[in-house]
Amino acid sequence: MTNPKTLEKLSERDKKHLWHPLTQHKTHSEMLAISRAKGAMIYDEEGRGYIDGIASWYTCMYGHCNPYILDKVSSQMQQLDQVVFSGFTHEPAVRLSEELIKILPKNQQKLFFSDNGSTSTEIGIKMALQYHFNRGEKRNVLFAFEEGFHGDTFGAMSVSGLSVYNGPFEDFFIEVERIPVPNLSNTQELIDRLEDRLKKNDVAGFIYEPLVQGAAAMKMHSAEGLDRILNLFKSYGALTIADEVMTGFGKTGAYFASDHLQTKPDIMCLSKALTAGLVPMGLTTCTQQVYDAFYSDDISKGLFHGHTYTANPLACTAAMAALELLQSDEIQGNIANIIQWHKSFDKTIKNHPKVATTRQLGVIYALDLNVEMERYGNLRDKLFSHFMSNGVFLRPLGNTIYILPPFVIEQEQMDQIYQSIVDVLEIV
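Residues numbered from 1 in each chain as written. Predicted model: local features only at pLDDT ≥ 70, side-chain atom pairs only at ≥ 80, totals over all residues. Heavy atoms only, no water.

## Examining the sheet that holds strand S11 (residues 267-270)
So, point 1. Pairing within the open sheet is mixed, and its seven strands lie in the order S4-S12-S11-S10-S7-S5-S6. For this open sheet the edge positions go to strand S4 (110-114) and strand S6 (176-179), each flanked by a neighbour on one side alone. Adjacent strand axes in the sheet meet at a mean angle of 20° when their direction is disregarded.
So, point 2. Of the pairings in the sheet, the one linking S11 to strand S12 (residues 282-286) comprises four bridges and is antiparallel in character. Counterpart to Leu-270 in the pairing with S12 is Leu-283.
So, point 3. Against the sheet, helix H8 (residues 187-198) contacts strand S5 (141-145), S6 and strand S7 (203-208), and its axis sits at roughly 160° relative to S6. (Pairing = 2+ DSSP bridges. Helix = DSSP H or I, 4+ residues; strand = E, 2+ residues; numbered from the N terminus. Axes fitted to C-alpha atoms, helices over the stretch in contact; angles between N-to-C directions. Contact = heavy atoms within 4.5 Å.)

If you want it as structure tokens, here you go:
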């Protein structure tokens, strides 16, 4: 007897009960059903394949269903699947901490586990605020960049500067002041303005996406300018919080975007590619100095924050396997290839009359179309449909088209992505 569910498309069954992120369901009711994925490809229920040009929101950097990672996690699954991390520990968490510390900036010494990117930044914010509270200092102001994005929990929303996500909640936020990102012309003026403001000694910390603002359409800023800003905040006792949820783990051509900077953060926030897209996990790392402010005979000075799946053994195992791949000669060679392919493509397209600007850092490449466009408007949807009809999964942000491919992508697949962008210029 035929199961009636097999006769009804998955996209129709989806409509009955599911509520999707970043979606106005009245105007975008149809969801494409994805049935499987492998390497740089995802496949819908009809069997059509699409090149995953953004590594499924910058997570599956070693390809979908990577056999090395699957094998490691499968073995771990037979031994220890989940255990409370309050009062217990386990080998996958300890080993991951030992190996990750080796490639983090040298000042990072302690790791605090959570579930995702938003929680990793939320914890970083709480660390900064409680750090000063524990030291008897009244510092309740945070600084952040304009157009920054740090997640969807309340602290993370508070420091984010994109009102398209935050509008209904802004009356409930913690106190945040924003500054523009540094560029070649504004850095000294920005430093002068900041120094005058910091003299009030009420700033707890500064959270920033180092060098690339992902949700702001891959906007990039000056490493030299950011170094000067970080030094200034540190000189006034404010903690610096690097949100590397998007930029971390090889995407900028270094292990972390902070590796491009002279001044290292006090706190780092990690997720996304941390577990290679296989399972959710977040990490917030910090210096010994930050940790020591919580180390006390007074129990109330501890960081009382916890998640049920904190340091899940399967997630830790996936992260450990991903870390091994990241440091392999093969993946490092692939990263170098993608960087060179982007540079070659840029030479062919940057002077096109319909291209306003282009930019690149590591495997991240973006171009702005020479046309005004809503972030989630009809023309943007037309571009998205064009890419999908050509077997390419890209998600334009307004008039910005960006690529952040898996490290395992092949040159032929990259050429198909590049060609789809060339072709789309004819429909703008």
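Following the structure, the description resumes.
## Some thoughts on the packing of aromatic side chains
So, point 1. Scanning all chains against the criterion turns up 14 aromatic pairs.
So, point 2. With 5.8 Å between their ring centres and 80° between their planes, Phe-85 and Phe-113 make a pair best called edge-to-face. With Phe-85 in the loop between helix H3 (67-77) and helix H4 (91-103) and Phe-113 in strand S4, this residue pair connects regions lying 28 residues apart in the sequence.
So, point 3. Classification of Phe-85 as partly exposed rests on a relative accessible area of 25%.
So, point 4. The class of Phe-113 is buried, set by a relative accessible area of 5%.
So, point 5. Judged by centre distance (5.9 Å) and plane angle (35°), the rings of Tyr-291 and Tyr-295 are tilted.
So, point 6. Tyr-295 sits in the exposed class, given a relative accessible area of 63%.
So, point 7. Taken together through their ring pairs, the aromatic side chains of Phe-143, Phe-145, Phe-206, Tyr-208 and Phe-233 make up a single cluster. (Phe/Tyr/Trp six-rings, centres within 6.5 Å; stacked < 30°, edge-to-face > 60°. Buried < 20%, exposed > 50% of the residue type's maximum accessible area, 1.4 Å probe, protein only.)

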